Amino acid sequence: MNKEYLIRRETEADYRDNENLIREAFWNVYKPGCSEHYVMHTLRQNPAFIPELDFVMEKDGKLIGQTMYMRAEIVGDDGQNIPILTMGPIGILPAYKRQGYGKALLDYSLEKAKEMGAGAVCFEGNIDFYGKSGFVVASTKGIHYHGEPREAVVPYFLLKELIPGYLDGVTGVYHTPQGYFVDDAEVEEFDKQFPPKEKLKLPGQLF
Ligand SMILES: CC(C)(COP(=O)(O)OP(=O)(O)OC[C@H]1O[C@@H](n2cnc3c(N)ncnc32)[C@H](O)[C@@H]1OP(=O)(O)O)[C@@H](O)C(=O)NCCC(=O)NCCS
């Protein structure tokens, strides 16, 4: 990776370019087309959104990466809710994928989340990527995924403690914040504001 890049806070002037970046990053990856650009658009208005952890990566004056965080919680088995963060969407422009930029952006943002005092981060993702930044499968730590049986090892539900021991002795369930679920018809409508792109059914997509 050419190390010359800049990571900075997203500004309002970046919003549309970034939504397009996330659209390009996710398009046809998990399903034909994608919803993440609309998810990102709506999450910025969500009370759980954390502006201090909303970052862009710039290279040669161009935006090539984006990540953002939301406040979330683990519903503890002892009745206590434990505040954590969740992250996403994160995306790197296709031409820059698999060159180390995504890991650099993720690690930077995790460091900033840690500096803010966050105890742990949970989200759905690919352990092959996030494992390189210290994430583990959450069920191995007693944290379970909503809607899945307790005994299930959910390989895509991941966890990283930012404060060592933060979740020691904690067992409970993580619920993906509602803001990540969007209406397909609203996505379609929003997508019309972007350049036309072909939706393709490809091998390896999840949906
Ligand atoms: C996922 C994404 C952010 C990763 O960023 P990236 O810049 O491509 O990843 P990096 O080059 O920094 O990869 C870091 C490590 O993770 C591994 N990795 C990255 N993406 C991977 C993938 N899809 N599958 C398996 N391993 C992967 C790389 O091999 C690399 O390890 P190495 O340095 O030992 O080779 C980017 O590919 C992307 O935007 N993908 C589409 C959108 C998406 O899936 N976002 C995440 C949703 S949870």
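Note that the structure is predicted; figures quoted are calculated from it, not measured.

Looking at helix α5 (residues 184-191)
Count 3.6 residues to each turn of an α-helix, and residues three or four apart come out pointing the same way. Listing the buried residues of α5 in full gives Val187, Phe190 and Asp191. Buried residues in α5, looked at end-on, bunch into an arc of 95 degrees, giving them a common side. As for α5, its buried residues are in contact with α1 (15-26) and α2 (36-43). The residue sitting at the N-terminus of α5 and contributing the capping side-chain oxygen is Asp183; that oxygen lies 3.0 Å from the backbone nitrogen of Ala185.

Description of the packing of aromatic side chains
The full count for this structure, using the stated rule, is 13 aromatic pairs. Among the aromatic side chains, those forming a connected cluster through ring pairs are Phe123, Phe129, Tyr130 and Phe135. Sitting over the face of the ring of Trp27, Arg23 holds its NZ or CZ atom 4.7 Å from the ring centroid. The lysine or arginine in question, Arg44, covers the ring of Tyr15, its NZ or CZ lying 3.7 Å from the ring centre.

As for the site of the ligand
The full set close to the ligand counts 20 residues, and Tyr30, Arg98, Gly100, Gly102 and Lys103 are the nearest of them. Within the side chain of Tyr30, one N or O atom sits 2.5 Å away from an oxygen atom of the ligand. Contact distances for the ligand include 2.6 Å between an oxygen atom and a backbone N or O atom of Gly100. For the ligand, whose free accessible area comes to 890 Å², the fraction covered by protein is 75%. Residue assignment for the shell around the ligand shows that the elements contributing at least two residues are α1, β6 (91-92), α3 (101-115) and α4 (127-130). For the shell around the ligand, the class distribution of residues is eight nonpolar, six polar and six charged.

Definitions and cut-offs
- Residues numbered from 1 in each chain as written.
- Predicted model: local features only at pLDDT ≥ 70, side-chain atom pairs only at ≥ 80, totals over all residues.
- Heavy atoms only, no water.
- Buried < 20%, exposed > 50% of the residue type's maximum accessible area, 1.4 Å probe, protein only.
- Helix = DSSP H or I, 4+ residues; strand = E, 2+ residues; numbered from the N terminus.
- Arc of directions from axis to C-beta.
- Contact = heavy atoms within 4.5 Å.
- Polar contact = N/O pair within 3.5 Å; in protein donor to acceptor, adjacent residues only side chain to side chain.
- Phe/Tyr/Trp six-rings, centres within 6.5 Å; stacked < 30°, edge-to-face > 60°.
- Lys NZ or Arg CZ within 6 Å of the ring centre and 35° of its normal.
- Near = heavy atom within 4 Å.
- Areas by Shrake-Rupley, 256 points an atom, 1.4 Å probe, with all protein chains shown as cover.
- Nonpolar A, V, L, I, M, F, W, Y, C, P; charged D, E, K, R; others polar.

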